[in-house]
Amino acid sequence: MKIVGIAGSNVGTKTKTAMDYTLNAARAQYPNAEITLLDLAEYTIVFGDGRDYREYDGDTKYVAETIMEADAIIIGTPTFQASIPATLKNIFDLLPVNAFRGKVVSMLATAGSARHFLMIEQQLKPILSYMKAHIIPTYVFIEEKDFHRNEIVNDDILFRIDRLVEDTVMHLNVLTAIQEAKDAAYDF
């Protein structure tokens, strides 16, 4: 099982902190899983220009291929101007329209206030649905007040992160079982 976490911004620390908590929870709950963090602040990624993702070089190719090879993806995004950052949108633009077919995708968002709690519903879920993701319906929304000195201090948020990880893997297990049953039914 390959789980890829994406810290979807090239600035700030809160989303990366939240993804570190999330992937540490995944490692603790599922020690046999192959877990990778793609912190977009650590990569130099070119803008998508319509090429096949395998035709890019360097960091761009590595990030795209790592996402395409994942079984499950946990996306962490800050909220910029009531939407996702351009850095994360560019990742989606680099990938094919059916990039998330057969993949389970879950999400968490960080924001300065509760005013942006519907950003995932209105901005991120439609993109993921268009790209054929099996979307975990619940997500974690983390406000500025839930952090203190680069740590999450709200126990409810930590509980919900653990639950998000569990839901992601459980959905992946169900999706895998369904696909195996389909494959067996069509195996002549």
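Here is what the cut-offs are and how they apply
Within each chain, residue numbers correspond to sequence positions counted from 1 in written order. Where totals are concerned, whole chains, interfaces and linings use all residues; where local detail is concerned, this predicted model gives features only for residues with pLDDT of at least 70, and gives and counts side-chain atom pairs only at 80 or more. Hydrogens and water are ignored here; the side-chain numbers use all heavy atoms of the structure. Comment: axis = line fitted to C-alpha atoms, over the contacting stretch for helices; angle = value between 0 and 180 degrees taken between N-to-C directions. The way it works is that DSSP assigns letters per residue, a run of H or I at least four long becomes a helix, a run of E at least two long becomes a strand, and they are numbered from the N terminus. When an angle is under 35 degrees it counts as roughly parallel; over 145 it counts as roughly antiparallel; between 65 and 115 it counts as roughly perpendicular; any other value is oblique. The sense of a crossing depends on the near helix, which, turned anticlockwise from the far helix by less than a right angle, makes the crossing left-handed and, turned clockwise, makes it right-handed. The contact criterion used throughout is that any non-hydrogen atoms of two residues lie within 4.5 Å. Any residue under 20% of the maximum accessible area for its type is buried, any over 50% is exposed, and the rest in between are partly exposed; the area is computed with a 1.4 Å probe on protein chains only. Pairs of strands are assigned from DSSP output, requiring at least two bridges between the strands. Look down the strands so they point away from you; if going from the first strand over the helix to the second traces a clockwise path, that crossover is right-handed. UniProt positions are given in the numbering used here, feature names are shortened, and annotations may be inferred rather than shown by experiment. To estimate the expected span of a helix, count its residues, drop one, and scale the result by 1.5 Å. Each polar contact in these results corresponds to two N or O atoms within 3.5 Å; when the atoms are within protein, one needs to be able to donate a hydrogen and the other to accept it, and residues that are neighboring in sequence are counted only if both atoms are side-chain atoms. Nonpolar residues are Ala, Val, Leu, Ile, Met, Phe, Trp, Tyr, Cys and Pro. Charged residues are Asp, Glu, Lys and Arg, and all others, Gly as well, are polar.

Once that is clear, we can look at the packing of helix α1 (residues 14-29) against helix α5 (residues 155-185). Angle between the axes and distance between the axes are the two parameters that describe a pair of packed helices. The contact between α1 and α5 brings their axes to 9 Å, and the two run at 55 degrees. Relative to α5, α1 is oriented oblique. Both α1 and α5 take part in a crossing whose hand is right-handed. Across the interface between the two elements, A18, Y21, T22, A25, A26 and Q29 of α1 pack against L158, I161, D162, V165 and E166 of α5.

What follows deals with the pairing of strand β4 (residues 104-111). Of all eight residues making up β4, eight are buried, and the element is well covered by its neighbours. The pairing of strand β3 (residues 72-78) with β4 spans seven bridges and is parallel. If you follow G76 over to β4, its bridge partner there is L108. Regarding topology, helix α3 (residues 86-94) serves as the crossover connection from β3 to the parallel β4, and that connection is right-handed. When β4 meets strand β5 (residues 134-135), the two strands line up parallel, connected through two bridges. Paired with V104 across the strands is H134, a residue of β5. Where β4 lies against strand β6 (residues 140-143), four bridges are found, and the strand directions are parallel. Along β6, the bridge assignment pairs T110 with I142.

Another point: the UniProt feature "domain: NADPH-dependent FMN reductase-like" (unreviewed entry) in the protein. With numbering matched to this structure, UniProt assigns "domain: NADPH-dependent FMN reductase-like" (unreviewed entry) to residues 1-144. End C-alpha atoms of residues 1-144 are separated by 33 Å, and the span's content is 34% helix alongside 23% strand.

Turning to α5, a few remarks are in order. The terminal C-alpha atoms of α5, which comprises 31 residues, lie 45 Å apart, in line with the 45 Å expected from a rise of 1.5 Å per residue. With a side-chain oxygen lying 2.8 Å from the backbone nitrogen of D156, the N-terminal cap of α5 falls on N154.

In this section: the packing of α3 against helix α4 (residues 119-130). It is the contact of α3 with α4, at a shortest axis distance of 11 Å, that shows an interaxial angle of 10 degrees. Overall, the two elements α3 and α4 adopt an arrangement that is roughly parallel. From α3, L88, K89 and F92 reach across to α4, where they touch L124, I127 and L128. For the contact of α3 with α4, the residue count by class is five nonpolar, no polar and one charged.

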